[in-house]
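# An overview of the molecular structure
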Amino acid sequence: MPIETLPTAAHQIAAETWLVPTFAPDPAGGFVGAHSLVIRGAEPVIVDTGCSLVRDDWLAKAFSVVEPDDVRWVFLSHDDHDHVGNVETVLERCPNATLVVNFSIAGRLTGSLDLPLERMRFLDPGQSLQLPDRTLTAVRPPVFDSPATRGLHDSATGLLWAADAFGALVQGEIYDADDVDPALYDQSFAMFNSWNTPWLEWVDVDRFAAHVQTTLDLPLELVASAHGPVHRGPRVADAFRRTLDLAAQPAVPMPGQELLDLVLAAALTETAA
Ligand SMILES: [Fe+2]
Ligand SMILES: [Fe+2]
């Protein structure tokens, strides 16, 4: 089934840094993001590669910011389809790029994607990529849905790419957390982060808080992620606090067959009209 996404362009969120946005309608109302990032700088970096179902649109937006030949690094946060959807095309189009991944990503994608080992570099939490104008450091985000997941901190802008953490629905083409409808944010932040990381229910609160603090201790100016708005200033600490509040709480129940029935009924009505 084709995905109808909002028409958008690359959106600058910090110096030399653009979000490559995708906003898809959520069956429950609102829109869910599936964003990626381009950091231009001295050695341009593509951070995650979006969804394959929006490939042409994604490639047009990403390469509106950077020339394919100039891309030096392609960082994958983890192996989920919404983060690796266009990686093979990106590597074909960007012959000078090295793929920054880790053992887990490489292992989990074996058999699904034909990734070039000779163009890979492994980066684990705490390890950095020293570029001429910035240090990019891999971090384990507060919450994650793959053992492969690494976020990325950029020393030049104080940006954290938090991968799947801090997701929330938005009411339209919305980039900043301050602009999200507060009720939608409150409800969907808890829902999204619980659904994506149901293991939060079983964590020891103090040990989890210590893990989260390792990321919060970074010099953070803004936090961007694939599935939520950009958090800046006091919204950064607020998003971390909301994540901590989910620890050791019952998981938010997921919709069941009744949602599928509703979606299919709506699709049939649309087809019949
Ligand atoms: Fe994921
Ligand atoms: Fe994701």
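Residues numbered from 1 in each chain as written. Chains lettered and ligands numbered in written order. Predicted model: local features only at pLDDT ≥ 70, side-chain atom pairs only at ≥ 80, totals over all residues. Heavy atoms only, no water.

## Here we look at empty space enclosed by the protein
- Applying the stated criterion to the full structure yields 1 cavity of 30 Å³ or more.
- If you go around the largest cavity, the residues you meet are L19, F23, G33, H35, A168, V170, I174, Y175, H227, G228, P229 and V230.
- For the lining of the largest cavity, a count of residues per class yields 8 nonpolar, 4 polar and no charged. (1 Å grid on protein atoms, 1.4 Å probe; cavity = no way out; pocket = protein on both sides within 12 Å on 5 of 7 lines; lining within 4 Å. Points joined across faces, edges and corners; volume = space filled by probe spheres on them. Nonpolar A, V, L, I, M, F, W, Y, C, P; charged D, E, K, R; others polar.)

## Section: the coordination of the iron ion (ligand 2)
- Taken together, the protein ligands of the iron ion (ligand 2) are D82 (OD), H83 (NE2), D164 (OD) and H227 (NE2), with distances of 2.1 to 2.3 Å.
- Here the iron ion (ligand 2) binds 4 donor atoms, and the angle range of 83 to 168 degrees at the metal identifies the geometry as irregular.
- Site description for the iron ion (ligand 2): donor spacing in sequence, D-H-x80-D-x62-H. (Donors = N, O, S within 2.8 Å, 3.2 Å for Na, K, Ca; no water. Tetrahedral: all angles 85-135°; square planar, octahedral: opposite > 155°, others 65-115°.)

## Some points on the confidence of the model for the protein chain
- Counting all residues, the mean pLDDT for the protein chain is 96, and 99% of those residues have values of 70 or more.
- When pLDDT is averaged over each element of the protein chain, strand β6 (residues 45-47) comes out on top at 99 and helix α8 (residues 257-272) at the bottom at 88. (pLDDT = per-residue confidence, 0-100. Helix = DSSP H or I, 4+ residues; strand = E, 2+ residues; numbered from the N terminus.)

## Brief notes about the layout of surface pockets
- The computed volume of the largest pocket comes to approximately 1400 Å³.
- Surrounding the largest pocket, 37 residues form its lining, A24, P25, D26, P27 and V32 being those nearest its centre.
- Elements that contribute at least two residues to the lining of the largest pocket include exactly β3 (23-25), β4 (31-33), α2 (81-84), α5 (182-196) and α8.
- Top element by residues in the lining of the largest pocket is α8. It accounts for 7 residues.

## With respect to the packing of aromatic side chains
- Within this structure, the stated rule accounts for 5 aromatic pairs.
- Judged by centre distance (5.6 Å) and plane angle (70 degrees), the ring pair of F23 and Y175 falls under edge-to-face. You can see F23 sitting in strand β3 and its partner Y175 sitting in the loop between β13 (159-161) and α5, a full 152 residues away along the chain. In terms of burial, F23 and Y175 fall into one category: buried.
- For the ring pair W199 and F208, a centre distance of 6.3 Å and an interplane angle of 75 degrees mean the geometry is edge-to-face.
- The exposure class of F208 is buried, given its relative accessible area of 4%.
- Taken together, F144, W199 and F208 form an aromatic cluster joined through their ring pairs.
- Sitting over the face of the ring of F144, R140 holds its NZ or CZ atom 5.3 Å from the ring centroid.
- One Lys or Arg, R235, reaches over the ring of Y185 and ends 4.9 Å from the middle of that ring. (Phe/Tyr/Trp six-rings, centres within 6.5 Å; stacked < 30°, edge-to-face > 60°. Buried < 20%, exposed > 50% of the residue type's maximum accessible area, 1.4 Å probe, protein only. Lys NZ or Arg CZ within 6 Å of the ring centre and 35° of its normal.)

## So, the coordination of the iron ion (ligand 1)
- For the iron ion (ligand 1), the full set of protein donor atoms is H78 (NE2), D80 (OD), D145 (OD), D145 (OD) and D164 (OD), at a range of 1.9 to 2.4 Å.
- Within one chain, the residues donating to the iron ion (ligand 1) are spaced in sequence as H-x1-D-x64-D-x18-D.
- Separation of the iron ion (ligand 1) from the iron ion (ligand 2) amounts to 3.5 Å, with D164 serving as a shared donor to the pair.
- What makes H78 buried here is its relative accessible area of 0%.

## Points about the environment of P147
- Looking at where P147 falls in the secondary structure, it is placed in the loop between β11 (134-139) and β12 (151-154).
- Put simply, P147 and V87 are 60 residues apart on the chain and 19 Å apart in space, counted from C-alpha to C-alpha.
- Once residues lying within four places of it in the same chain are set aside, the contact partners of P147 are S104, R108 and R140. (Contact = heavy atoms within 4.5 Å.)

## Thoughts on α5
- Given a rise of 1.5 Å per residue, 15 residues ought to cover 21 Å, and the 21 Å separating the end C-alpha atoms of α5 matches this to within 8%.
- Roughly 30 degrees is the biggest bend found in α5, and it falls at S188.
- Three or more residues of α5 are buried, namely L184, Y185, S188, F189, M191, F192, N193 and S194.
- Contact partners of the buried residues in α5: β4, β15 (231-232) and α7 (234-245). (Expected span 1.5 Å × (residues − 1). Bend = angle between axes of the 7 residues up to and from the residue.)

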